[in-house]
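Descriptive analysis of the structure
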Amino acid sequence: MENKIAVQIDDLTVAYNYKPVLWDIDLEIPEGVLMAIVGPNGAGKSTLIKSILGILKPIAGSVSIYGKPYDKQRDQVAYVPQKGSVDWDFPTTALDVVMMGTYGSLGWIKRPGQKEKKAALEALEKVGMLPFKNRQISQLSGGQQQRIFLARALVQNASIYFMDEPFQGVDASTEIAIINILKALRKAGKTVIVVHHDLQTVPEYFDWVTFLNVKKIATGPVRDIFNDDNLTKTYGINYKVSVQE
Amino acid sequence: MSNAQIEIQLIACLVAVACAIPGTFLVLRKMAMISDAISHSILPGIVVGFFITQDLNSPLLILLAALTGIITVVLVEYIQKTGLVKEDTAIGLVFPVLFSIGVILIAKNANDVHLDVDAVLLGELAFAPFDRMIITGTDVGPKSLWIIGCILSFTIILLITFFKELKVSTFDAGLSASLGFSPAIIHYGLMTVSSVTTVGAFDAVGAILVVALMIAPAAAAYLLTTDLKRMILYACGFGIFSAIAGYWLAHSLDASIAGSITTMLGLLFLAVYLFAPGKGIIAVLYREKQQRIEVSLLTFLLHLKNHTEESERHVNHLNEHINWQKVRSKTVLNLALKNNMISIENRVVSLTKKGDAFTSQAIDYIMTNEHAQIEGMKDDFFLFRG
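A quick note: this is a predicted structure, and the numbers were derived from the prediction, not measured. (Residues numbered from 1 in each chain as written. Chains lettered and ligands numbered in written order. Predicted model: local features only at pLDDT ≥ 70, side-chain atom pairs only at ≥ 80, totals over all residues. Heavy atoms only, no water.)

1. Comments concerning the nonpolar core
The nonpolar side chains of soluble globular proteins are, as a tendency, buried together. In this structure, A:Tyr161, A:Leu182, A:Val209, B:Leu125 and B:Met191 are the most contacted members of the largest nonpolar core, which totals 147 residues. For this core, the element with the highest residue contribution is helix α9 (residues 183-222) of chain B, accounting for 21 residues. Counting 28 residues, the second-largest nonpolar core is a separate cluster that includes A:Leu22, A:Ile25, A:Val63 and A:Leu212. (Core = buried A, V, L, I, M, F, W, Y, C linked by side-chain atoms within 4.5 Å. Buried < 20%, exposed > 50% of the residue type's maximum accessible area, 1.4 Å probe, protein only. Helix = DSSP H or I, 4+ residues; strand = E, 2+ residues; numbered from the N terminus.)

The structure is reproduced here in structure tokens:
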């Protein structure tokens, strides 16, 4: 594994209404890993991602992306929020949602043109959603909506991808399609960070893992640290998951 | 039509469009009630502004009053953020207080102004043509027309300039923040435009109609289109239609213009709510009925597929076996025949090739939930349109 650090988090503490949900997190994410963030409900997994992306303001600590603050590195980062965080009845089409991924590189006021549209169509193609480009987004199934979100992140052409539960509420074929795209991203040297719920699939899908429960429990290669000991520390009950090599 | 009549309708139309634009985004952001709050709580702003400027049409007064609108939004958010009450409660707490301060201020100090509570609630559109704008001795039209015209131009420029930012922050605030388009800036920008528009429209149409003009056209447009730009255009169109139709309704009934326009808005929304092709009540009921029949059809076809022996496929047997009323059996049989899915010989029903393929495909879909397989079926059958 290369030593270059994609994301560095120092002493990060985040609170809602003065109640800390993340305590003193130190975390280094090496470049080129496909990493799962696992932990029980309320462990602060989404909060961690939102704090890295500047959506939430931490009360202490700092985050850097390739050695610089997030504000300076927006174009390096793509974000897939939880599917349930948006209103899918919004009057817009699949293509238009994917186009939104290009807005960041355009900056304020400038409008997307042919170049952006072409990029969006290519991203739709990659996730197998090209035939649905003009469909209103509420007319898509849960899996299709998740693919649209993934396409929107792909169009950002970033180095680091943050995804908040991309497998939630999707059917098996979409799950496979998504994980194949994530693996292709890693192969292309990108760093992919995924909030993940299904512990059974961690060894199969990911090569890096972070255990989180308000505090960081452990982080490292799946084969070294994905064990009953860390699972028990994170989830509080006696966990037995056999890790297959 | 007299000049005054044309001017009144023109003012009403400009107000309608100026309200429909921010209104569309308020509806999409599920913030319709905030327009109600703003429209009431700008009253103390107008009164205080009048004390300072002594001119109801001064731009300074408009800005001061709009500031009260922003303060309302900030207060509502502050109270909500404490977590002690929910947003709708916070709105209900803030605006009556500010509104009543305005009412008391008028009663105590401004008896000689043409501001009274009736005018505040319903406006004085009929009197708008009397207050003229005079530039170097020339009469260039009613002051209200100029005020709302300026506000509308300003709103349209902002809309065109920041359309992309408005769209992304309304649809997905998280993405918007991560891309560097601060949702807070866009939110307060929208609130400022809503407040300024409300103040500008307030004098002409009053607090209640402002709310109606912001919400009803956008709500109706929402039921008719799946495209944001079109939604804005439809909302503007509905606003203009109601403004003109409402004016003539008032004319023929000799009633309040503001009241008539609001009535037209209500009727317009009702019509769209009932008859909108996709999302209207009638379309929804029709679709549900079709889906029920299609489910029956599928059950029926599946029965045929699973039972090859003739006794199981006799029309009489089907009636007993699937346990349907005669009418329903007939509807289903007719639908299947119409689509060439079955053939009937000597009262024995058999699946055609097409029917057989359709049944396999449909069952496959129900088992796997693979949408790609049924794209071709969506046009013919409601059931598969999700």
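We are not done yet, so read on.
2. Examining the pairing of strand β7 (residues 191-195) of chain A
Residue and element names in this part refer to chain A. Most of β7 is tucked away: five of the five residues are buried. Because side chains alternate across β7, one face comprises the buried residues Thr191, Ile193 and Val195, and the other comprises Val192 and Val194, equally buried. Pairing between strand β3 (residues 34-38) and β7: four bridges, direction parallel. Looking across to β7, one finds that Leu34 is bridged to Val192. Pairing geometry for strand β6 (residues 160-164) and β7, over five bridges, is parallel. Considered in β7, the bridge of Phe162 is made with Ile193. As a crossover connection, the stretch from β6 through helix α6 (residues 172-187) into β7 is right-handed. (Pairing = 2+ DSSP bridges. Right-handed = clockwise from strand over helix to strand, strands pointing away.)

3. Notes on the domain arrangement of chain B
Residue and element names in this part refer to chain B. Per the domain assignment, the segments making up chain B are domain 1 (3-279) and domain 2 (282-385). Here domain 1 and domain 2 have C-alpha centroids that lie 52 Å from each other. Across the boundary between the two partners, domain 1 contributes six residues, which contact four residues of domain 2. Both faces combined, the contact of domain 1 with domain 2 buries some 310 Å², and carbon together with sulfur accounts for 53% of it. On inspection of domain 1 and its partner domain 2, the count reaches zero salt bridges. For the interface between domain 1 and domain 2, the tally reads two residue pairs in polar contact (both at pLDDT 80 or more). (Domains from an automatic or database assignment. Contact = heavy atoms within 4.5 Å. Buried area = accessible area lost by both parts, 1.4 Å probe. Salt bridge = Lys/Arg side-chain N within 4 Å of Asp/Glu carboxyl O. Polar contact = N/O pair within 3.5 Å; in protein donor to acceptor, adjacent residues only side chain to side chain.)

4. Here's the deal with the environment of A:Ser138
All names here are of chain A. In this fold, Ser138 is placed in the loop between α4 (114-126) and α5 (142-154). By relative accessible area, Ser138 is classed as partly exposed at 30%. Residues Ser138 and Met99 lie 39 residues apart in sequence; the distance between their C-alpha atoms is 17 Å. When near neighbours in sequence (up to four residues on either side) are disregarded, Ser138 contacts Trp88, Asp89 and Gln145. For Ser138, the side chain forms a polar contact with the side chain of Gln136, separated by 2.3 Å.

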